[in-house]
Amino acid sequence: MSLDPGFWALQTLNALQLSMLLFLLSIGLTVIFGLMHFVNLAHGSLYALGAYVAAAAATVGGYWTGFFLAPVAVAGLGILLYSGLIRRMRKSGPMAQVLVTFGLIFALLDLTRIVWGDIALAIELPALLDGRVSVFGIGYPVYRLFIIALGLAIFTALAMVLKRTQIGAMIRAGVDNDAMAACLGINVERLFFIVFCVGCALAGLAGAVAAPLLSVTPDMGLQILIPTLIVIVIGGLGSLQGAIAGSLIFGFVQTFGAVLAPQLASVLIYALLAAVLVIRPMGLFPAKG
Amino acid sequence: MKTTILAALGLATVLSMPASAEEVKVGLLLPFSGVYAALGNDIEAGFELALEEYGSETEATFSLMREDTEVKPPVALAKAKKLILQDKVDVMAGIVSSGVLGAVRDLIDGAGVPLIVANAGNDEATGAHCSPFITRMSFSNGQVNRPMGTWLFDQGITKVFTLAPDYAAGRQMIDGFTETFTAAGGEIVGQEFTPFQKTQDFGPFLAKAKASGAEAVYVFYAGGEAISFVKQYDSFGLKADLPLFGSGFLTSPLYVNAEGPAAEGVITALHYVPTIDNPENAAFVSAFLQKTGRIPSEYAVQGFDAARALIEATKTGASDRDSLANALRQVHFDGPRGTLSIDPATNNIVQPIYVYETVPGEFGLSQKVLAELPASADPLNGCAMAPVSN
């Protein structure tokens, strides 16, 4: 094993970058669940769709067009899903919701296959984010640093909105006790709708960000779904701190697991998940105490 | 009046049917959905093309029945049963995934229906689990990689780090390379198998490869993993100091354009690339391009040659299950890949392997053939079966 500090710095950056990608995805899922008690398993498909929209838009107008268009397009689809499907399912209990959104995964998967085909798509990076910079004496891809910075920026922005603004207070009240919040005159349904759209937009953004790093394939949404669910279960449902903590734990366990114990790499995170479920079934930072 | 016309028409129909033609029912077992759908479509297109181009050489006619394996062994097994028992096919072709091949192997061997494998490369299928009814026109995992070990050592590279997904094919590909590379005198300084289809970020493994002191990296990845891997390898800037070699699926023409400039300079070995210089290949590439609008991949040529093997077998007069199986084991012809033959000891194909470099070309990326490594038959690997009967 290498004792070179550059090697470990590199791995730490890798872990951070994976964490931030998962954070973008899990924050939407966890807040939607916390506020609406609605498990949207199709969240991963929205991520895949974001990647496809970004790849398609990038061939026309370059990377940044895709980067900004993907969240908007996916939020648009979120509005359609919400008004056509999810609003009707609000009162129908978790099992029906899980089944409907699980079915949505396959419907959306086949839709992307019909529209974009089975062959993986590519996305070119803009010159600004291409190449490498020297960090602690090692060359690290700029794009990965960009993902880390973007994840931290979104985290800070969401923390500010939730802590300091009126809408943040309303969301927190809704997560804590939605019936009481409604009694106090908060339009909880409208709040749900806004949060759902923002969650969808973040999933689309995560797809657009992941596209140049990974390959854009129809099943990318399925591949990311399990890690995302693990993140929110470890972190605790419904909270921002839970999402960031869960993402960091997943990213570091996955990365350093692969470095230190490659044979155990795929099992470690599940073992940790089991341990969390036994010791703290509500997760590390549940939204409700 | 009306009845006369109808009678005449009926008579004309009967007369227009060739008297001695044998109808061969072919069951195509391919993934048309799931992760390997793109491969299934390419194999199907190649198969149809060969029937169009070479079908007139034989007296037999072919009717195709397509079934979707969905890359799921239980589904594929049910579909294979349907083809054998209900549709009563004379011969089957296809199978992309080795897992699917393993699932249907006993059924096919027991029912005595010949199967022409058009992709699945697991070594056992023509080794310990070989069957006189299973003939492979694609490749075996070891076959593609074995010649690369010696070749790479001859290029002056003595220390290599290997990477592959952690499943049977990944291990067989790397074992094939390691075997000849170490026999030639090379040293494997590090070896990692990444969780199959669970690894999206290769960063941690790339950092290990860089720190290992290797002179080159040899890998096997395919499909989405190959695209992610090649792009990430380039993004870390490893290509300059640590050249990337591998099994040719890494930079398959099917998806190399999704890898983009990151794939330039990667040197890999495969049984087919569209730029092989021979007249059969030139004709094949232009016919395939005309039919589908795409450059053919190795999967397309496997489908094409699977159908050609079937045509060659029927030319010997074979038309039922037993005679077709026997004839398929003795097939040999010159195709886009060069001179091909089936080794009757294992029923695996014997074919040359091409070392190629991915280079920028006229339409996206292209393949520059660096060397043609001579064909050699696979070792028996525990295969024991009845010899062909004449």
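Residues numbered from 1 in each chain as written. Chains lettered and ligands numbered in written order. Predicted model: local features only at pLDDT ≥ 70, side-chain atom pairs only at ≥ 80, totals over all residues.

Caption draft 1: Broad picture of the interface of chain B and chain A. Every contact between the two is made by 26 residues of chain B and, on the other side, 28 residues of chain A. Only α2 (37-54), α7 (203-211), α8 (223-235) and α9 (256-259) of chain B provide two or more residues apiece to the side of chain B that touches chain A. Per-element accounting of the side of chain B that touches chain A gives the leading share, 6 residues, to α7 of chain B. Taken together, the residues of the side of chain B that touches chain A break down into 13 nonpolar, 8 polar and 5 charged. (Contact = placed C-beta atoms within 7 Å. Helix = DSSP H or I, 4+ residues; strand = E, 2+ residues; numbered from the N terminus. Nonpolar A, V, L, I, M, F, W, Y, C, P; charged D, E, K, R; others polar.)

Caption draft 2: Main features of the UniProt feature "transmembrane region" (unreviewed entry) in chain A. Residues and elements named next belong to chain A. When the UniProt feature table is mapped to this numbering, "transmembrane region" (unreviewed entry) covers residues 20-39, 46-64, 70-86, 98-123, 143-162, 191-214 and 267-287. Helix makes up 95% of residues 46-64 and strand 0%. Its end C-alpha atoms lie 19 Å apart. For residues 143-162, the helix share is 100%, the strand share is 0%, and the end-to-end C-alpha distance is 28 Å. (UniProt positions renumbered as here; feature names shortened; annotations may be inferred.)

Caption draft 3: Region of interest: helix α5 (residues 142-164) of chain A. End to end, α5 of chain A covers 32 Å across 23 residues, agreeing with the expected 33 Å (1.5 Å per residue, within 8%). Of the residues making up α5 of chain A, those classed as buried are Arg 144, Ile 147 and Gly 151 of chain A. (Expected span 1.5 Å × (residues − 1). Buried ≥ 20, exposed ≤ 12 C-beta atoms within 10 Å, placed from the backbone.)

Caption draft 4: Region of interest: the nonpolar core. Ala 51, Ala 54 and Val 74 of chain A together with Ile 116 and Val 217 of chain B are the most contacted members of the largest nonpolar core, which has 211 residues in total. No other element matches helix α1 (residues 5-36) of chain A, which puts 17 residues into this core. Looking at this core, you find at least three residues from each of domain 1 (21-139 + 277-352) and domain 2 (142-270) of chain B. (Core = buried A, V, L, I, M, F, W, Y, C linked by C-beta atoms within 7 Å. Domains from an automatic or database assignment.)

Caption draft 5: View of the UniProt feature "domain: Leucine-binding protein" (unreviewed entry) in chain B. Following the UniProt record, one finds the feature "domain: Leucine-binding protein" (unreviewed entry) at residues 23-358 of chain B. The annotated region residues 23-358 of chain B carries 43% helix and 21% strand content, and the separation between its end C-alpha atoms amounts to 43 Å.

Caption draft 6: Highlighting the confidence of the model for chain B. Mean pLDDT for chain B: 90, with 94% of residues reaching 70 or above. Our summary of model confidence lists the complex with pTM equal to 0.85 and ipTM equal to 0.81. (pLDDT = per-residue confidence, 0-100.)

Caption draft 7: Unusual backbone geometry, seen in detail. All names here are of chain B. One non-glycine residue, Glu 70, adopts positive backbone phi at about 55°. Positionally, Glu 70 belongs in the loop between β2 (61-68) and α3 (73-86). Notably, Asn 347 is not glycine yet its phi reads approximately 65°, a positive angle.

Caption draft 8: Region of the structure containing the environment of Val 71 of chain B. Relative to the elements of secondary structure, Val 71 of chain B occurs in the loop between β2 and α3. Beyond its immediate stretch of four places on either side in the chain, Val 71 of chain B contacts Pro 31, Gly 34, Val 35, Tyr 36, Val 96, Ser 97 and Val 100 of chain B.

Caption draft 9: How the structure looks around the domain arrangement of chain B. All names here are of chain B. Its domain assignment divides chain B into domain 1 (21-139 + 277-352) and domain 2 (142-270). Here the C-alpha centre of domain 2 lies 29 Å away from the C-alpha centre of domain 1. Secondary-structure elements contributing two or more residues to the side of domain 1 that touches domain 2 are α2 and α11 (298-315). When the residues that make up the side of domain 1 that touches domain 2 are grouped by side-chain class, the tally is 5 nonpolar, 4 polar and 3 charged.

Caption draft 10: View of the packing of α2 of chain B against helix α10 (residues 279-292) of chain B. All names here are of chain B. For the pair α2 and α10, the least separation of the axes is 11 Å and the interaxial angle reads 115°. The pairing of α2 with α10 is recorded here as roughly perpendicular in orientation. Like other packed secondary-structure pairs, α2 and α10 cross with a definite hand, here right-handed. Between α2 and α10, the contacting residues are Ala 45, Leu 49 and Glu 53 on the first element and Ala 287, Phe 288, Lys 291 and Thr 292 on the second. Looking at the contact of α2 with α10 residue by residue, the class counts come to 4 nonpolar, 1 polar and 2 charged. (Axes fitted to C-alpha atoms, helices over the stretch in contact; angles between N-to-C directions. Parallel < 35°, antiparallel > 145°, perpendicular 65-115°, else oblique. Left-handed = near helix turned anticlockwise from the far one by under 90°.)

Caption draft 11: Here's a closer look at the sheet that holds strand β15 (residues 365-373) of chain B. Residues and elements named next belong to chain B. The 7 strands are arranged β7-β6-β8-β9-β10-β14-β15 in an open sheet whose pairing can be described as mixed. Pairing within the sheet leaves two strands with one partner each, and these edge strands are β7 (187-194) and β15. Each strand of the sheet is rotated relative to its neighbour by a mean of 25°, with strand direction disregarded. (Pairing = 2+ DSSP bridges.)

Caption draft 12: Spatial organisation of helix α4 (residues 98-111) of chain B. Residue and element names in this part refer to chain B. Its 14 residues place the ends of α4 20 Å apart at the C-alpha level, agreeing with the 20 Å of an ideal helix rising 1.5 Å per residue. Residue Val 104 marks the point of greatest curvature in α4, where the axis turns by about 40°. Among the residues of α4, Ser 98, Val 100, Leu 101, Ala 103, Val 104, Arg 105 and Ile 108 are the ones counted as buried. Close packing links the buried residues of α4 with α3, β4 (115-117), β5 (134-136) and α6 (168-184). (Bend = angle between axes of the 7 residues up to and from the residue.)

Caption draft 13: Here's a closer look at the pairing of strand β8 (residues 216-219) of chain B. Residue and element names in this part refer to chain B. Of the two faces of β8, the one carrying Ala 216 and Tyr 218 and the one carrying Val 217 and Val 219 are both buried. The pairing of strand β6 (residues 159-165) with β8 spans 4 bridges and is parallel. Paired with Thr 162 across the bridge in β8 is Tyr 218. In the sheet, β8 pairs with strand β9 (residues 244-247) via 3 bridges, with the strands oriented parallel. Within the sheet, the bridge partner assigned to Tyr 218 lies in β9 and is Phe 245. What joins β8 to β9 is α8, and the crossover it makes is right-handed. (Right-handed = clockwise from strand over helix to strand, strands pointing away.)

Caption draft 14: Geometry of the packing of helix α9 (residues 220-235) of chain A against helix α10 (residues 240-260) of chain A. Residues and elements named next belong to chain A. Here α9 crosses α10 at 120°, and the two axes come no closer than 7 Å. Here α9 is positioned oblique relative to α10, judged by the angle of their axes. The two elements α9 and α10 meet at a crossing, and its hand is right-handed. Taken together, the residues of α10 that come into contact with α9 (itself represented by Pro 227, Ile 230, Val 231, Ile 232, Ile 234 and Gly 235) are Gly 242, Ala 243, Ala 245, Gly 246, Ser 247, Ile 249 and Phe 250. Residues that form the contact of α9 with α10 fall into these classes: 9 nonpolar, 4 polar and no charged.

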